[in-house]
Amino acid sequence: MDWGMKNRLSKIIKAKDNRTLMLAVDHGYFMGPTTGLEQMDKSIVPLMPYADTLMLTRGALRNYIPPESETPIVLRVSGGTSILNENLLHEGIIASMEEAVRLNVAGVAFSILVGASFERDTLLAFTEIVDEAESLGIPVVAVTAVGKDMVRDARYMSLASRMAAELGAHIVKTYYVEGFENVVDTCPVPVVIAGGKKIEELECLKMAYNALEAGAVGVDMGRNIFQAENPIAMIQAVRSIVHEKATPEEAYQLLSKKRGKWSR
Ligand code: 5RP
């Protein structure tokens with residue numbers, strides 16, 4: 001692994017504690033202006049100081065994020081279907097690696113859908129990106145998306161995460177499930193968890209804590225932060241778990257204390 005790849009990886013997973021809090025705000029590529037992302041310059045920019053990276057599309061980056069920002073960027077490079085499409089997540093390449101270099105990103109993210117009838121399309125497109133990313137020294141985050149009629153269990157997440165790693169992913173983003181330690185133990189690259197749909201804040205903090213306890217290096221969380229009652233307080237609470245060894249209860253106390261400090 002050359003210096004450039006290591007340097008970019010260190011912008012995502014921090015060397016001081018081998019942890020990361022990635023803020024995922026790429027949802028517009030298939031959900032449009034979903035709640036909390038209506039005007040990202042107003043809702044997301046204030047969260048950036050608390051995030052280790054920002055994951056988003058090239059359009060959101062160019063139109064909402066100041067170019068002088070210091071938060072490392074992970075560029076979403078797969079897409080092509082919307083929430084209106086019955087084959088949601090039948091994704092292909094939506095941004096080139098040349099564009100990733102032009103945007104000076106720390107990494108790229110690509111969703112694969114293992115088990116779908118079109119899994120081959122997503123997996124082969126993923127490996128095209130990995131080939132070029134390797135030649136450029138840019139890490140690839142594989143997002144193991146889960147179709148709505150698929151069972152979210154450790155067996156499935158282990159299959160999808162290990163396939164992603166075998167095909168060349170440098171980081172795997174998957175979902176926290178019962179028996180998550182098996183998912184991490186059988187994946188040879190660092191694992192982060194998505195937050196998934198918005199859930200009760202203490203439950204979300206427990207999920208992040210349990211994932212880290214099971215060996216994940218962090219989170220790549222979106223809706224549970226930017227759809228929270230107080231997103232700044234919530235990202236700080238998540239950060240306390242990821243980087244300050246807080247328990248879920250301590251993080252929730254921090255959240256409650258700060259809740260009144262920032263109102264949406
Ligand atoms: C799509 C995604 C989402 O765009 C996003 O990255 C997930 O973040 P969260 O579930 O925490 O809102 O990964 O497959």
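Each remark here, short or long, concerns the structure printed above.
Residues numbered from 1 in each chain as written. Predicted model: local features only at pLDDT ≥ 70, side-chain atom pairs only at ≥ 80, totals over all residues. Heavy atoms only, no water.

### Regarding the pairing of strand 7 (residues 140-144)
With five of five residues buried, strand 7 lies mostly within the body of the structure. Residue alternation in strand 7 divides its side chains into two sets, V140, A142 and T144 and V141 and V143, and both sets are buried. Sheet topology note: the strand 6 (residues 107-112)/strand 7 ladder contains five bridges and is parallel. In the sheet register, F110 faces strand 7, and the bridge partner there is A142. As for the winding sense of the linkage, the β-α-β connection from strand 6 through helix 6 (residues 119-136) to strand 7 is right-handed. Judged from the three bridges that link them, strand 7 and strand 8 (residues 171-174) form a sheet pairing that is parallel. (Buried < 20%, exposed > 50% of the residue type's maximum accessible area, 1.4 Å probe, protein only. Helix = DSSP H or I, 4+ residues; strand = E, 2+ residues; numbered from the N terminus. Pairing = 2+ DSSP bridges. Right-handed = clockwise from strand over helix to strand, strands pointing away.)

### As for the site of the ligand
Around the ligand, the structure places 17 residues, and the nearest of them are H27, K173, G196, G222 and R223. At 2.9 Å from an oxygen atom of the ligand is found a side-chain nitrogen or oxygen belonging to D26. The contact in question runs from an oxygen atom of the ligand to an N or O atom on the side chain of K173, over 2.5 Å. Taken together, the elements giving at least two residues each to the shell around the ligand come down to helix 2 (28-31) and strand 10 (218-221). Of the residues contributing to the shell around the ligand, the split by class is seven nonpolar, five polar and five charged. (Near = heavy atom within 4 Å. Polar contact = N/O pair within 3.5 Å; in protein donor to acceptor, adjacent residues only side chain to side chain. Nonpolar A, V, L, I, M, F, W, Y, C, P; charged D, E, K, R; others polar.)

### Here we look at a negative patch on the surface
A contiguous patch of negative charge, built from D2, E128, D131, E132 and E134, is present on the exposed surface. In this fold, D2 is placed in the segment before helix 1 (3-12). (Patch = residues over 30% accessible without salt bridge, like charges linked within 9 Å, V, L, I, M, F, W, Y side chains within 5 Å. Areas by Shrake-Rupley, 256 points an atom, 1.4 Å probe, with all protein chains shown as cover. Salt bridge = Lys/Arg side-chain N within 4 Å of Asp/Glu carboxyl O. Lys, Arg positive; Asp, Glu negative; His and termini not counted. Charge placed at Lys NZ, Arg CZ, Asp CG, Glu CD.)

### Concerning the side chain of H27
Relative to the helices and strands, H27 resides in the loop between strand 1 (20-24) and helix 2. Excluding residues that lie within four positions of it along the chain, H27 makes contacts with G32, T34, L37, G222, R223 and F226. (Contact = heavy atoms within 4.5 Å.)

### Points about the sheet that holds strand 8
Overall, parallel pairing links the eight strands, which are arranged 1-2-3-6-7-8-9-10 in a closed barrel. On average, each strand axis in the sheet is inclined to that of its neighbour by 25°, with strand direction left out of account. For strand 1 and strand 2 (residues 53-56), the ladder comprises three bridges, and the chain directions are parallel. Residue L23 lies in a different strand from strand 2, and its bridge partner there is L54. Strands strand 6 and strand 7 of the sheet are contacted by helix 6, whose axis makes an angle of about 165° with strand 6. Across the sheet, helix 11 (residues 231-244) is in contact with strand 1 and strand 10; its angle to strand 1 comes to roughly 150°. (Axes fitted to C-alpha atoms, helices over the stretch in contact; angles between N-to-C directions.)

### Brief notes about the pattern of salt bridges
Considering all chains together, one arrives at 12 salt bridges under this definition. Residue E229 is joined to R259 by a salt bridge in which the shortest nitrogen-to-oxygen separation is 3.0 Å. Separated by 30 residues along the polypeptide, E229 in the loop between helix 10 (223-226) and helix 11 and R259 in helix 12 (residues 248-259) bring together distant segments of the chain. Since its relative accessible area comes to 47%, E229 is described here as partly exposed. What emerges from the salt-bridge pattern is a single network uniting R58, R62, E98, E99 and R102.

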